[in-house]
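Breakdown of the fold
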Amino acid sequence: MPDELIAWFENLGAGDVPRVGGKNASLVEMTQALGAAGIRVPAGFATTAAAYRAHVAESGIAPELAEQLAALQAGKTTLQQAGQAIRHLFLERDLSPALAEAIRSAYRDLAAREKVSAPAVAVRSSATAEDLPTASFAGQQESFLNVRGEAALLEACRRCYASLFTDRAIAYREANGFDHLSVALSIGVQIMVRSDLAGSGVIFTLDTETGFPGVVIISAAWGLGETVVQGTVEPDKYTVFKPLLAERHAIPIIERSRGAKERKLVYAEGGSASTTLLETTQRERETFVLESAEILQLARWAVAVEQHYGRPMDLEWAKDGETGALFIVQARPETVQARRTGMLRNWRLKDRRARPILTGAAVGEAIATAEACVIRGAEDIARFRDGAILVTEATDPDWVPIMRRAAGIVTDHGGPTSHAAIVSRELGVPAVIGTGRATATLQDGQTITLSCAEGEEGRIYDGRLAFDVTEIDVAALPRSRTRVMLNLANPAAALRWWRLPAAGVGLARMEFIINDHIRIHPMALLRFDTLQDRDAKQRIADITRGWPDKAEYFVDRLAQGIAKLAAPFHPKPVILRLSDFKSNEYAHLIGGGEFEPAEENPMLGLRGASRYTSVRYRDGFALECRAIRCVREVIGLRNLIVMVPFCRSPAEADRVLAEMARHGLVRGADGLQVYVMCEIPSNVILAEEFAARFDGFSIGSNDLTQLVLGVDRDSAELATLFDERDAAVTRIIADVIRRAHACGVPVGICGEAPSNHPGFAEFLVEQGIDSISLNPDGFAAVLRRIAELEARLDAKQGRTA
């Protein structure tokens, strides 16, 4: 009967996975449970698992199906031969009359509901073992878009049934222990969202590489979403910080990365194909697909879905170009990070000076080194060599059998939510996605090193580079009274360390963001029209394309970089040091040569506090202040503390604080704290005067040591004389801790001495320092050492008492 073969979405529930598969059941549950929250799901119906089983039995497929599978498992036939034979069984047989009529009848009812004679529908498969919390089955079965008319719908349904036995689906079930004959297929038929006139993409409710649960990751491209899933385009990427979504005035978008979006999939007009791939316009490539309000709406929906299911989710969304409405079109559990343990593995290249020959989006956090196996098309898959690094243009589900045998994967096209990325994560194979030219650059048999250990940017190096791997059992790390914090510089890598029990970030280096993520001197952006260097002017024009106001490029990129350093540790404090380049380092930025003086000794020249009020840089400093205000006031990350470096005198401190206030950063207003680096002897000699002007001190042991001892810290000739443990240095550090505490001001240290010298860390704890901040790779060892020392001191004080 039709009601046994067809089920309307509104008549199903979350417990109907055995009846309509995981994908359809999930859509149904969202429709019923979250519709009141405003989440829109396209209307539709599903064929049932009973309909599939009846079709298999009534069409006579069952005996031959079982025979082919038995032959495969006995090794009497190949995967490709068995898959092709089984698919042929489904494709050569018509649907049973009862099932065909049930589908036609439901399609007519759907048309009547939508008031359209022959509505375009999406036809998607939903297996009963698919999209479960421990098995994603990403891309294992087929979907068909823009299907119109009863005949086309029945043909699409037959092809969906056949796709239950694609080679990749068979291989996946074999690898994951699913019985082929126990799995059934439901077919979801939904009204098409006219995203061909707008855009679509994918949403994850956590960071897919690190498992950080505090963000929503949204990918977006023009047209239908298959290009994003298949990895044939580089999409836009938006990262939204979840904890601030509930704040009324916050816009917690901590990243907007514009993808190339060179192609889009749209409805085909005429002919047999239902869709066609077109080149995007220059304007489309330079324009973000989503506005801020749409990003936040999708993020809030994603959080609502995640909270309802009680687990991280993987969603697909679409925007209707006719109405502007957003829809969720698929929902499934995220299965990779959800299975991770509390062990934190840290991969690190030993040669940090190596230069990459290719870059792309990093998938995973591992490093692999092996020969490249360049395969440009699926017809050459048999050439793949086990243990090689697969290099190809893009992957689809047919590539899964060889992807699982690869040491690593490199693609020309795609983004973090493409098929190659999703499957690589699930297999635990590191990948660099969307390099643009890997198949043209790398030679078959060339030895390469693939690194996903340097943040969101994956890198390919020529040759075999040495690396090491360490493991940290985060759950076993002790706690300490002394706040142990992190030094961070690279926004792309900040999320990796969210599992560490750090007390926040003791040093966030702004200049790294400017150097690596902006690359342009701020004054060159402000004075772009009068730049004399033609080459620099052209490079700036290319980099800032899409930003009508070039200064906004600096503010946007800097604000996003700072936000990505601050978000993983919110609401714990994150201390941001204002830019601390020397003049020679600023000059190396694009366009910087026209704005920097030639100094004999830049280390003691125009740097730190003196620069912010200098006529040479004051307008550039205004952009830094705008970015900080954006992070605190627009994004909402008020855990951000500002720190002034290399401040030589109280008078200079007053000038900098006044300049900050002129740009809306008033110490004490809206909870803003301002710290000062304690790295010049005058900071210690005049500790009380500085304490009256700032909320905290952070000892910069490198500069303080060189200025106390009169030793150039960069001099190889004097390297043996440079020692933070020298009595002159330790005495001055002990003095400033004591005097600052007398003024009620906390003191931390952000140099590497506590990591390099265990005795130095003990000295600091004994002096009562409030916090110690160090690089992530030294965090665990120093934390253990500090906890042990505090326990000994407690025991000693107890005996004395």
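Residues numbered from 1 in each chain as written. Predicted model: local features only at pLDDT ≥ 70, side-chain atom pairs only at ≥ 80, totals over all residues. Heavy atoms only, no water.

Looking now at unusual backbone geometry. A cis amide bond links His570 with the next residue in sequence, Pro571, at an omega value of 5°. Take Pro571: it is sitting in the loop between α18 (550–566) and β25 (574–577). One non-glycine residue with positive phi stands out, namely Lys115, at about 60°. Along the chain, the position of Lys115 falls in the loop between α6 (97–114) and β3 (121–127). Lys115 gets classed as exposed once you look at its relative accessible area, which sits at 76%. The phi torsion at Asp670 lies on the positive side, around 55°, for a residue other than glycine. You can see Asp670 is positioned in the loop between α22 (650–662) and β27 (674–678). The partly exposed category is assigned to Asp670, whose relative accessible area is 46%. (Helix = DSSP H or I, 4+ residues; strand = E, 2+ residues; numbered from the N terminus. Buried < 20%, exposed > 50% of the residue type's maximum accessible area, 1.4 Å probe, protein only.)

Within the structure shown, the criterion is met by zero disulfides. For Cys452, which is in no disulfide, the shortest distance to another cysteine sulfur is to Cys373 and amounts to 18 Å. A residue is classified by how much of its surface remains accessible, and Cys452, at 1% relative accessible area, is buried. (Disulfide = S-S within 2.5 Å.)

Moving on to the sheet that holds strand β18 (residues 408–411). Overall, mixed pairing links the seven strands, which are arranged β15-β19-β18-β17-β16-β20-β21 in a closed barrel. The mean angle between the axes of side-by-side strands here comes to 35°, regardless of whether they run parallel or antiparallel. Bridge count between strand β15 (residues 358–363) and strand β19 (residues 431–433): three bridges; the pairing is antiparallel. Residue pairing across strands places Val363 opposite Ala431, the latter belonging to β19. (Pairing = 2+ DSSP bridges. Axes fitted to C-alpha atoms, helices over the stretch in contact; angles between N-to-C directions.)

Glancing now at the sheet that holds strand β4 (residues 143–147). The strands that make up a sheet are held in pairs by hydrogen bonds between backbone atoms, and each pair lies either parallel or antiparallel. Pairing in this open sheet of five strands is antiparallel, and the strands run β1-β2-β5-β3-β4 from one edge to the other. Edge positions in the open sheet fall to β1 (6–8) and β4, since each of these has one partner strand only. When the angles between neighbouring strand axes are averaged without regard to direction, this sheet yields 20°. Pairing of β3 with strand β5 (residues 185–191) involves seven bridges; the strand directions are antiparallel. The partner of Ser125 across the bridge, within β5, is Ile187. Relative to the sheet, helix α2 (residues 17–34) contacts β1, β2 (44–47), β3 and β5, its axis offset from that of β3 by approximately 125°. (Contact = heavy atoms within 4.5 Å.)

Quick look at the pattern of salt bridges now. Across all of its chains, the model carries 55 salt bridges by this definition. Here Arg348 ties to Asp468 by a salt bridge, and the two come within 2.9 Å at their closest N and O atoms. One end of the pair, Arg348, is in strand β14 (residues 343–349); the other, Asp468, is in strand β22 (residues 467–473), with 120 residues separating them in the sequence. Judged by its relative accessible area of 28%, Arg348 falls in the partly exposed class. Owing to a relative accessible area of 23%, Asp468 belongs among the partly exposed residues under this scheme. (Salt bridge = Lys/Arg side-chain N within 4 Å of Asp/Glu carboxyl O.)

Most of strand β16 (residues 367–374) is tucked away: six of the eight residues are buried. As defined by bridge partners, β16 adjoins strand β20 (residues 447–451) across five bridges and the pair is classed as antiparallel. Each residue of the ladder has a partner; that of Glu371, found in β20, is Thr447. One ladder, built from three bridges, connects β16 with strand β17 (residues 389–392); its direction is parallel. For Cys373, the partnering residue across the bridge sits in β17 and is Leu390.

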